[in-house]
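# Notes for the structure review
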Amino acid sequence: MSSSAEPVIDANLAVALDALLTEQSVTRAAARLHTSPAAMSRTLARLRRILQDPLLVRAGQRMVPTPRAQALREETAAVVRRLGALLAPGAGVDPAVLRSTFTVQTADLVGAALAPGMLRLARREAPGISLRFRDEELEGGSALRDGRIDLEIGSIDHVDPETRIEELVTLRMAAAVRPGHPLTEGTLTPDRLAGADHVVVSRRGRFTGPLDSALAERNLRRRVAVVLPSHMAAMTLAARSEYVCLVPTTHPGGAPSPLTDVATTLGLLLLDIPLPLPPLTIGMAWHPRHAADGGHRWLRDAVRRTLHAPGGATL
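Everything in this summary refers to the structure shown in the same document. Everything quoted here is computed from the prediction, not taken from an experiment. (Residues numbered from 1 in each chain as written. Predicted model: local features only at pLDDT ≥ 70, side-chain atom pairs only at ≥ 80, totals over all residues. Heavy atoms only, no water.)

### Description of the nonpolar core
Put simply, the rule is: Among buried residues, those of type Ala, Val, Leu, Ile, Met, Phe, Trp, Tyr and Cys that are joined through side-chain atoms within 4.5 Å constitute a nonpolar core. Only protein chains enter the calculation, and the probe is 1.4 Å; a residue is then buried if its accessible area is under 20% of its type maximum, exposed if over 50%, and partly exposed in between. Here a strand is any run of E in DSSP of at least two residues, a helix any run of H or I of at least four, and the numbering for each starts at the N terminus. Two residues qualify as a contact provided that any one of their heavy atoms is within 4.5 Å of a heavy atom in the partner residue.
Leu 151, Ile 153, Trp 298 and Val 303 are the most contacted members of the largest nonpolar core, which totals 25 residues. Mapped by element, the contributors of at least two residues to this core are strand S3 (101-105), helix H5 (108-125), strand S5 (151-154), strand S6 (164-177), strand S11 (280-286) and helix H11 (294-307). Of all the elements, H5 adds the most residues to this core, at 6 residues. Not counting the four nearest positions on each side in its chain, Trp 298 is found in contact with Pro 95, Met 118, Leu 121, Ala 122, Glu 125, Ala 126, Ile 129 and Arg 305.

Right under this line is the structure:
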């Protein structure tokens, strides 16, 4: 077995050689690389030993390249250019040339709110992009870390420690009912809200939530007639019956949110709940390996623009 070690590649030597061959002066090459002439002289001596050629030789008051140096000049410049491109910060990606499929995990209501606006942006800016929306069946696992999903959008509270999280919008819950529902007449009080029949959305089949806790503080209890795993199914039921469902909406005075577009399309009326409920923060989470990726950056920006653009459902 050979005992010789693999040669150590020093990229700085290539940069120094390029400067020396371009400037044909130790002093000017040192100034170009922001070092001292003495340090550059030592580097030249090292290059001479490695290449076994004097490279630059004195000719009167100046230095001239040897034939070997002249032969290396163009190749050395190309290597330095490639090194510069390799180590430079990632350049912006033109969305128009992207050919990618992105997998987004989110609840059906958020997906329904995002898909039209994001597809509109993709059609205009990145026609080679395809979107795959998945339900939250991978929530709480390592799907982001494993690369099974590219982005998670919703109430983020269960991700791996390294996951990047960005809060997008803070909403409040409103009571959604069909036109002509008894709760639309007169003042909505906690007693009247508790006395109505409710449909609850829970993928885990839970009957209670923050509204029940707020009612319990007033010694009130609502009747939950049905639990459904889908916001879309709950809103559709509320639009066709006397049931009340909860829908996220913006705070008073805030800009309209695409998250209310489905409720509006179904004709539901959103009533202010006369109880203090915790806000709902919608955020997005991604693995840091995608942080600088141009395509993923476009994806995240498309989410931001869609969530903050009224009328996002129009294609």
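Having seen the model, we can carry on.
### Let's talk about helix H9 (residues 231-239)
What counts, and what does not: What the arc describes is the spread of directions from the helix axis to the C-beta atoms. We define a polar contact as two N or O atoms separated by no more than 3.5 Å, with the added condition that, inside protein, one atom must be a possible hydrogen donor and the other a possible acceptor, whereas residues neighbouring each other in sequence contribute only through side-chain atom pairs.
Listed in full, the buried residues belonging to H9 are Ala 234, Met 235 and Ala 238. For H9, the buried positions fall inside an angular range of 95° around the axis, keeping them on one side. Contact partners of the buried residues in H9: H5, S6, strand S7 (197-201), strand S8 (223-228), strand S9 (245-249) and helix H10 (261-265). Capping of H9 at its N-terminal end is provided by Ser 230; its side-chain oxygen lies 3.1 Å from the backbone amide nitrogen of Met 232.

### Observations concerning the packing of aromatic side chains
How we decide: Classification of ring pairs rests on two measures: the distance between centres of Phe, Tyr or Trp rings, Trp counted by its six-membered ring, which must be within 6.5 Å, and the angle between planes, read as stacked under 30 degrees, edge-to-face over 60 and tilted in between. A ring is considered to have a charge above it if a Lys NZ or an Arg CZ atom is located within 6 Å of its centre and within 35 degrees of its normal.
Counting across every chain of the model gives 0 aromatic pairs. The aromatic ring of Trp 286 is capped on one face by Arg 300, whose charged end is 4.4 Å from the ring centroid.

### Considering the packing of helix H1 (residues 11-23) against helix H3 (residues 37-51)
Put simply, the test is: Orientation is described by axes fitted as lines to C-alpha atoms, over the contacting stretch for helices, and by angles from 0 to 180 degrees between their N-to-C directions. Roughly parallel means an angle under 35 degrees; roughly antiparallel, over 145; roughly perpendicular, 65 to 115; everything else is oblique. Under the scheme applied here, ten amino acids are nonpolar (Ala, Val, Leu, Ile, Met, Phe, Trp, Tyr, Cys and Pro), four are charged (Asp, Glu, Lys and Arg), and all others, including Gly, are polar.
One way to put it is that H1 packs onto H3 with a least axis distance of 10 Å and a crossing angle of 105°. It follows that H1 is roughly perpendicular to H3 by the angle criterion. Contact with H1, carried on its side by Leu 13, Ala 16, Leu 17 and Leu 20, involves Met 40, Thr 43, Leu 44, Arg 46, Leu 47, Ile 50 and Leu 51 of H3 and no other residues of that element. Within the contact of H1 with H3, the residues separate by chemical class into 9 nonpolar, 1 polar and 1 charged.

### Details of the pattern of salt bridges
Cut-off, in case you're wondering: For salt bridges, the criterion is a side-chain nitrogen of Lys or Arg within 4 Å of an Asp or Glu carboxyl oxygen.
Within this structure, the stated rule accounts for 14 salt bridges. Close ionic contact of Asp 146 with Arg 148 constitutes a salt bridge, the shortest N to O distance being 3.3 Å. A salt bridge links Asp 212 to Arg 222, with the shortest nitrogen-to-oxygen separation between them at 2.8 Å. Here the residue Asp 212 occupies a position in helix H8 (residues 210-216), and Arg 222 occupies one in the loop between H8 and S8, the gap between them amounting to 10 residues. The residues Asp 212 and Arg 222 share a single accessibility class, namely buried. One salt-bridge network, held together by shared partners, links Arg 124, Glu 125, Glu 166, Asp 301, Arg 304 and Arg 305.

### Considering the packing of H5 against H11
Our working definition: Two helices cross in a left-handed way if the nearer one is turned anticlockwise from the farther one by less than a right angle. They cross in a right-handed way if the turn is clockwise.
In the contact formed by H5 and H11, the axes pass within 9 Å of each other and the chain directions differ by 125°. With respect to H11, the element H5 is oriented oblique. The chirality of how H5 crosses H11 is right-handed. Residues Ala 113, Leu 114, Gly 117, Met 118, Leu 121, Ala 122 and Glu 125 of H5 pack against Trp 298, Leu 299, Ala 302, Val 303, Arg 305, Thr 306 and Leu 307 of H11.

### Section: the side chain of Ser 257
Relative to the elements of secondary structure, Ser 257 occurs in the loop between S9 and H10. For Ser 257, the contacting residues outside a window of four places in its chain are Leu 171 and Thr 250.

### Quick notes on unusual backbone geometry
Of note in the backbone geometry, Gln 24 takes a positive phi value of approximately 50° without being a glycine. Summarising the element assignment, Gln 24 is placed in the loop between H1 and helix H2 (26-32). Even without being glycine, Leu 55 reaches a positive phi, approximately 65°. On the secondary structure map, Leu 55 appears in the loop between H3 and strand S1 (56-59). When its relative accessible area of 1% is taken as the criterion, Leu 55 is described as buried.

### With respect to the environment of Pro 37
When you line up the elements, Pro 37 lands in helix H3. With 124 residues separating them in the primary sequence, Pro 37 and Pro 161 have C-alpha atoms 49 Å apart. Aside from chain neighbours lying at most four places away, what touches Pro 37 is Val 26 and Ala 30.

### Some details on the environment of Val 244
Secondary-structure assignment places Val 244 in the loop between H9 and S9. Taking relative accessible area as the criterion, Val 244 reaches 1% and is therefore assigned buried. The spatial distance from the C-alpha of Val 244 to the C-alpha of Val 97 is 46 Å, given a sequence separation of 147 residues. Leaving out residues up to four positions away in the same chain, Val 244 has contacts with Ala 175, Ala 176, Val 177, His 181, Leu 183, Leu 193, Ala 196, Asp 197, His 198 and Val 199.

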